[in-house]
Amino acid sequence: MPGSILQKLYEKNYWTDVYQFFENRSFRQDQKLASYQEIIEKNQYSAIASRVISKNYRFKPPLRLVVNKLQSGKKKTVYLFDYQDDFLLKVINRLLTDSFSYLISPSCHSFQKGKGAKTAFRSLVSDPFIDSKYCLKTDIRNFFNSVNVNDFIENLPKEIISDQILYELIKQILLNNNARLPDGRIITEQKGLMAGCPLAPFLSNIYLRSLDDIFTKQNITYTRYSDDIVLFDHECKIEEHRKTIETFLANKNLFLNKEKTSITIPGEMAIFLGFSYSKGVIDLSPVSVNKMKGKIKRMARSYNRRLKRGKMDDTGILRHFISRINRKMYGIDAQENNLCWAHWFFPVINTHKSLEILDRYIQERLRFSITGKNNKHNFGRVPYKTLKSLSYKPLKATFYVFKSNYHKYMQILQSDYKLLNTNE
């Protein structure tokens, strides 16, 4: 009998690699990172691995949190695991992704090395007839938490079922219905694949493989990112495809999100993953633009209140505000971070139209943070050269540096990061 892939949990490099990956992406999570680091430095990972291999490891009930979705005002439920459990699951997710990537459909572009929004869009626009086709865009309502875990386990690929240690560990996680509330109470509920669980991305990718195969085998222009689905085809086929997806999901007690299901005719703007597509032009979607405007607006009001309370002077307000914008847009520490705003959008878009809109808005809000007003006198009070001196980087100009010379782009980020870090 072949050994379990979880034997690799004894290898320190997997834990170190996962730690370093999240160290560059976990802003203000010092306590969690310190816990990760202790597990590595004190060789606790070896004892954890032994308990997993002997099937004696027991996960604690995850913390159940209900959080607000930005802009929509709706709520979503996420499950957060204890630091040690969380680190272990992240390492196992790395092992699963490395060992079983072939179980994921080529038309799925979520949560995988070398894949993302960029490859998803490339797969769509590679269709030379895309501009003459109708577009169906949809997603699955409350996908992660609604998956029937018994159905999921019954339909796991044979490669995972044959790995008895891995198989039993997955069953332990998914079949335990306990969750912990913030006040400490333990409740029992159906949790599905659990949004927030480090294994959920990989498990969700393989769960919908059979749906992906329906369309890829027909050579339909189709792509999926987690529970977001988009396809292009001729008018006579598009409604049939919608019904196929709806029926497939209904058989698994999953449902389309009707609010996010749309069919657009050739030439109309199609929306997917925060992007818009129309006649070869890929831009930010209007929703993405408005979401960023909302975040910047809230920050501007907050900084203006600080100024009025005498917490900072004008220069301090602008420096701090610009630093936060740069972190939000370009990453926390100028590392290569595919999860930050710019590294999500810049590789995909081929126009600066929305970036120019955001540039103007950000500059307006920076000036508002000092004056508390919206008028032409703000330009004299806070000239553009002042913003530039404090490391403000306009999106449009930075986008073109990104496209033309990525090495220079990273040098600019790293230089500005060092400057801001020194000033702070």
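Look up a bit, the structure's there.
Residues numbered from 1 in each chain as written. Predicted model: local features only at pLDDT ≥ 70, side-chain atom pairs only at ≥ 80, totals over all residues. Heavy atoms only, no water.

Q: I tried to follow the overall build of the chain on my own but got confused; where do I start?
A: Helices and strands together make up the secondary structure of the chain, namely 20 helices and 11 strands. Expected size for 424 residues packed as a compact globule is a radius of gyration near 22 Å; at 24 Å, the chain falls within 12% of this value. Its C-alpha atoms give the chain principal-axis dimensions of roughly 75 × 60 × 40 Å. Across the chain, contacts joining residues at least 24 apart in sequence account for 71% of those joining residues at least 6 apart. As displayed, the chain offers around 21,100 Å² of accessible surface, 49% of which is attributable to carbon and sulfur atoms. Considering the chain, the positive charge centre built from 68 side chains and the negative charge centre built from 41 side chains are found 7 Å apart. (Helix = DSSP H or I, 4+ residues; strand = E, 2+ residues; numbered from the N terminus. Rg over C-alpha atoms; globule rule 2.2 N^0.38 Å. Contact = heavy atoms within 4.5 Å. Areas by Shrake-Rupley, 256 points an atom, 1.4 Å probe, with all protein chains shown as cover. Lys, Arg positive; Asp, Glu negative; His and termini not counted. Charge placed at Lys NZ, Arg CZ, Asp CG, Glu CD.)

Q: Even after reading the chapter, I still don't get the sheet that holds strand β9 (residues 270-272), so can you show me in this structure?
A: Strand pairing in a sheet takes place through backbone hydrogen bonds and is either antiparallel or parallel in direction. Spatially, the three strands line up as an open sheet ordered β9-β10-β11, and their pairing is antiparallel. Only two strands of the sheet have a single neighbouring strand rather than two, namely β9 and β11 (281-284). In this sheet, neighbouring strand axes are inclined to one another by 25° on average, regardless of whether the strands run parallel or antiparallel. Two elements, strand β10 (residues 275-278) and β11, share four bridges in a ladder whose sense is antiparallel. The partner of Tyr277 across the bridge, within β11, is Ile282. (Pairing = 2+ DSSP bridges. Axes fitted to C-alpha atoms, helices over the stretch in contact; angles between N-to-C directions.)

Q: For this particular structure, what's the right way to read a positive patch on the surface?
A: Where like charges cluster on the molecular surface, the positive patch consists of Lys297, Arg301, Arg305, Arg309 and Lys311. Looking at the element boundaries, Arg301 is found in helix α13 (residues 286-308). (Patch = residues over 30% accessible without salt bridge, like charges linked within 9 Å, V, L, I, M, F, W, Y side chains within 5 Å. Salt bridge = Lys/Arg side-chain N within 4 Å of Asp/Glu carboxyl O.)

Q: Help me understand the side chain of Thr119, please; the structure alone is not making it clear to me.
A: In this structure, Thr119 sits in helix α5 (residues 117-125). Not counting residues within four places of it along the chain, the set of residues in contact with Thr119 comprises His109 and Gly114.

Q: What's the story with the packing of helix α14 (residues 314-330) against helix α16 (residues 353-371) in this structure? I'm lost.
A: The angle between the axes and the distance between the axes are what describe a pair of packed helices. Relative to each other, α14 and α16 sit at 150°, their axes nearing to 9 Å. By the criterion of interaxial angle, the relationship of α14 to α16 is roughly antiparallel. For the pair α14 and α16, the sense of crossing is right-handed. Contacts from Asp314, Ile317, Leu318, Phe321, Ile322, Ile325 and Met329 in α14 reach Ile362, Arg365, Leu366, Ser369 and Ile370 in α16. Here the residues of the contact of α14 with α16 are counted per class, giving nine nonpolar, one polar and two charged. (Parallel < 35°, antiparallel > 145°, perpendicular 65-115°, else oblique. Left-handed = near helix turned anticlockwise from the far one by under 90°. Nonpolar A, V, L, I, M, F, W, Y, C, P; charged D, E, K, R; others polar.)

Q: Honestly, the environment of Val281 in this entry has me stumped. Any pointers?
A: Its location among the elements puts Val281 in strand β11. On the accessibility criterion, Val281 (39% relative accessible area) is partly exposed. Sequence separation of Val281 and Glu246 is 35 residues, and the distance between their C-alpha atoms is 30 Å. With sequence-adjacent residues up to four places away left out, Val281 is seen in contact with Ser276, Asn350 and Thr351. (Buried < 20%, exposed > 50% of the residue type's maximum accessible area, 1.4 Å probe, protein only.)

Q: What's the story with the pattern of salt bridges in this structure? I'm lost.
A: Pairing of side chains with opposite charge becomes possible as their charged atoms draw close. Tallied over the entire structure, the rule returns 21 salt bridges. Of the charged contacts, one joins Glu356 and Lys396 as a salt bridge, the two residues approaching to 3.1 Å between their closest N and O atoms. A residue pair is termed long-range when its members are at least 10 positions apart, and Glu356 in helix α16 and Lys396 in helix α19 (residues 395-404) qualify at 40 residues. Since its relative accessible area comes to 29%, Glu356 is described here as partly exposed. Classification of Lys396 by relative accessible area gives partly exposed; the value is 27%. Look at the salt bridges and you will find they share partners, linking Asp17, Arg94, Asp98 and Lys113 into a network.

Q: Looking at this model, I keep getting lost on the nonpolar core. Mind explaining?
A: Most often, soluble globular proteins have nonpolar side chains that are buried together. Counting residues in each nonpolar core, the largest one holds 74 residues, and the members touching the most others are Leu6, Leu9, Trp15, Phe152 and Leu174. Those residues in contact with Leu9, other than ones at most four positions away along the chain, are Trp15, Tyr45, Ala49, Val52, Leu88, Val91, Ile92 and Leu95. Core analysis: the next-biggest nonpolar cluster, separate from the first, contains 54 residues, Ala117, Ala270, Val289 and Val382 among them. (Core = buried A, V, L, I, M, F, W, Y, C linked by side-chain atoms within 4.5 Å.)

Keep in mind these values describe shape, not function.
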